[in-house]
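# A structural walkthrough
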Amino acid sequence: MKGIFTALIGAFDEQGQINEKGLREIVRYNIDHSKVDGLYVNGSTGENFLLSTPQKKKVFEIVKDEAGQEVKLIAQVGSLNLEESIELAKFTTELGYDALSAVTPFYYKFDFEEIKDYYNAILEEVDNQMIVYSIPALTGVNMNLEQFRELFENEKITGVKFTAPDFFLLERLRHAFPEKLIYSGFDEMLLPASVLGIDGAIGSTFNLNGVKAREIFESAQKGDLEKARKLQKETNDMISDVLSNGLYQTIKEVLKVRGVDAGVCRKPMKSATESQIKFAAEIQKKYFE
Ligand code: SI3
């Protein structure tokens, strides 16, 4: 379960329906071209929170069918509807997903006991491992070391996807829980996170840049910091341009330039405009050719 995991981008048509052919192409591209270690399915990048339960299930099915046993698969099943989370956890465990992940419950200001109960309730129902998805900037949920310790008391919680710029907490977590899996979630911070001893990374830009992400991770692990810094700098130039042009729209449009039919974003997200499409083509040329 270690290494580079792509937070899989979604593929939808103009009507918001799943573009199955495109989704299969995205999976193949990540496996065959980028040679990532795994896929993180129905996360933020998959526009998960815009999907109905049947649509989430369809994505899980298509990805598993396409990827088979070729790479590790993590199913993001977190939802404000706990019954939906449990249903998806059972569904993906039966499909053969290697691990579950669930975003911390958000919107309402849940207290820590409620958050802990949410994870334990999901895990009581399934025989699978869970990676906590912590992304405070989007959820408003900021857990401290002691709260992670309490979550990790459940042995089925085997790790965390740590999407925060808090390197003090990251170091404390690494030191306190050497046996737990820690994945870095911010691609632009892969190098410093790697230096602190993460087990892997889960990122949206790996849909485009999986090969270089691995090089950063592995160079840092080997102690070749000069090379890792150069690669992270090049990567961050690219990420700055992608973010300035609209993250998910740009990932999709760059993939299309490469012949991968990544479709459009689901409403209420906007589809790429002509100028975004044009800049995406420039990004492809500038950083990847
Ligand atoms: O769930 C997911 O799709 C992710 O793994 C998200 C991942 O942490 C990304 N965060 C968001 C909000 O999309 C990052 O990969 C992020 O896009 C990247 O670091 C650029 O800021």
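Reference entry: report on the structure contained in this document. Values in this document were obtained by computation on a predicted structure and should not be read as measured data. (Residues numbered from 1 in each chain as written. Predicted model: local features only at pLDDT ≥ 70, side-chain atom pairs only at ≥ 80, totals over all residues. Heavy atoms only, no water.)

### Focus on the side chain of Lys180
Put simply, the rule reads: Think of it this way: any DSSP run of H or I at least four residues long counts as a helix, any run of E at least two long counts as a strand, and we number them from the N terminus. Each residue's exposure class comes from its accessible area (1.4 Å probe, protein chains only) as a fraction of the maximum for that residue type: buried when under 20%, exposed when over 50%, partly exposed otherwise. When charges are counted, neither His nor the chain ends are considered; positive counts come from Lys and Arg and negative counts from Asp and Glu. Here a salt bridge means any side-chain nitrogen of Lys or Arg lying within 4 Å of a carboxyl oxygen belonging to Asp or Glu. Pairs of N or O atoms within 3.5 Å make up the polar contacts considered here, provided that, within protein, one atom can donate a hydrogen while the other can accept it, and that residues adjacent in sequence are counted only when both atoms are side-chain atoms. Only heavy atoms enter the contact rule, under which two residues are in contact if any of them lie within 4.5 Å.
By the element assignment, Lys180 lies in the loop between helix H7 (167-176) and strand S7 (181-184). One buried charged side chain, Lys180, makes no salt bridge at all; its nearest oppositely charged neighbour is Glu179, positioned 4.9 Å away. Side-chain polar atoms of Lys180 contact the backbone oxygen of Ile157, separated by 2.7 Å. Setting aside anything within four residues of it in sequence, one finds Lys180 in contact with Phe152, Asn154, Glu155, Ile157, Thr158, Gly159, Arg174 and Asp199.

### Considerations on a nonpolar patch on the surface
Let me state the cut-off plainly: In this scheme, patches are assembled from residues that exceed 30% relative accessible area and form no salt bridge. Like charges are connected within 9 Å, while nonpolar side chains (Val, Leu, Ile, Met, Phe, Trp, Tyr) are connected within 5 Å. For accessible areas, the Shrake-Rupley method is used with a probe of radius 1.4 Å. Any residue's cover is judged against the shown protein chains and nothing else.
Side chains of Leu80, Tyr107 and Tyr108 sit close together on the surface and give an oily, nonpolar patch of about 390 Å² of accessible area. Inspection of the secondary structure assignment puts Leu80 in the loop between strand S3 (72-76) and helix H3 (82-95). Take Leu80: its relative accessible area is 39%, and that puts it in the partly exposed class.

### Some words on the site of the ligand
Put simply, the test is: Proximity is defined per residue: if any heavy atom of the residue lies within 4 Å of a molecule or strand, that residue is considered near it. As a working rule, the residues Ala, Val, Leu, Ile, Met, Phe, Trp, Tyr, Cys and Pro are called nonpolar, Asp, Glu, Lys and Arg charged, and the rest polar, with Gly in that last group.
Surveying the vicinity of the ligand reveals 20 residues, the closest of which are Thr45, Lys161, Gly185, Glu188 and Ser204. Taking Asp187, its side chain carries an N or O atom lying 2.9 Å from an oxygen atom of the ligand. Notes on the ligand: free accessible area 490 Å², of which the protein chains cover 94%. Elements with a minimum of two residues in the shell around the ligand: strand S8 (200-203) and helix H11 (247-257). Residues of the shell around the ligand, tallied by class, amount to 10 nonpolar, 7 polar and 3 charged.

### Details of the sheet that holds strand S2 (residues 38-41)
Worth spelling out the cut-off: Two strands are said to pair when DSSP picks up at least two bridges between them. All axes here are fitted lines through C-alpha atoms, helices being fitted over the stretch that makes contact, and every angle between N-to-C directions spans 0 to 180 degrees.
Spatial ordering of the closed barrel is given by S1-S2-S3-S4-S5-S6-S7-S8, a layout of 8 strands whose pairing is parallel. Looking at each pair of strands side by side, their axes are set apart by 25 degrees on average, direction ignored. The pairing of strand S4 (residues 99-103) with strand S5 (residues 130-134) spans 4 bridges and is classified as parallel. When the bridges of S5 are listed, Leu100 appears paired with Met130. Of the strands in this sheet, S5 and strand S6 (157-162) touch helix H6 (residues 145-152), which is tilted by about 145 degrees from S6.

### Concerning the pattern of salt bridges
Charged atoms that come close allow side chains of opposite charge to pair. Under the criterion given, the structure shown has 27 salt bridges. Here Glu66 ties to Arg24 by a salt bridge, and the two come within 2.9 Å at their closest N and O atoms. Within this pair, whereas Glu66 is found in helix H2 (residues 53-67), its partner Arg24 is found in helix H1 (residues 20-33), the two being separated by 42 residues in sequence. When its relative accessible area of 17% is taken as the criterion, Glu66 is described as buried.

### Concerning H7
This is how it is decided: This arc corresponds to the set of directions leading from the helix axis out to the C-beta atoms.
Among the residues of H7, Leu169, Leu170, Leu173 and Arg174 are the ones counted as buried. Buried residues of H7 fall within an arc of 135 degrees about the axis and therefore sit on the same side. Along H7, the residues that are exposed and aim more than 90 degrees away from the buried face are Phe168 and His175. Here the buried face of H7 lies against H6, S6, S7 and helix H8 (190-195). Regarding H7, its N-cap is Asp166, as a side-chain oxygen of that residue lies 3.3 Å from the backbone nitrogen of Phe168 further along.

### What about the packing of aromatic side chains?
What counts here: Geometry of aromatic contacts follows a simple scheme: Phe, Tyr and Trp rings, the Trp one being its six-membered ring, pair when their centres are within 6.5 Å, and the pair is stacked under 30 degrees between planes, edge-to-face over 60, tilted otherwise.
Under the definition given, this model contains 9 aromatic pairs. Taken together, a centroid distance of 5.8 Å and an interplanar angle of 90 degrees make the contact between Tyr40 and Tyr133 edge-to-face. One end of the pair, Tyr40, is in strand S2; the other, Tyr133, is in strand S5, and 93 residues separate them in sequence. Both residues of the pair, Tyr40 and Tyr133, belong to the buried class. Judged by centre distance (5.5 Å) and plane angle (80 degrees), the rings of Phe60 and Tyr97 are edge-to-face.

### Describing H2
Keep this limit in mind: Helix span, as expected, comes to 1.5 Å for every residue beyond the first.
With 15 residues, H2 ought to run about 21 Å at 1.5 Å a step, and its terminal C-alpha atoms sit 21 Å apart, in line with that. Buried within H2 are the following residues: Gln55, Lys56, Val59, Phe60, Ile62, Val63, Lys64, Glu66 and Ala67. Among the structural elements, H1, S2, S3 and H3 are those in contact with the buried residues of H2. A positive phi of about 55 degrees marks Gly68, the residue just after H2.

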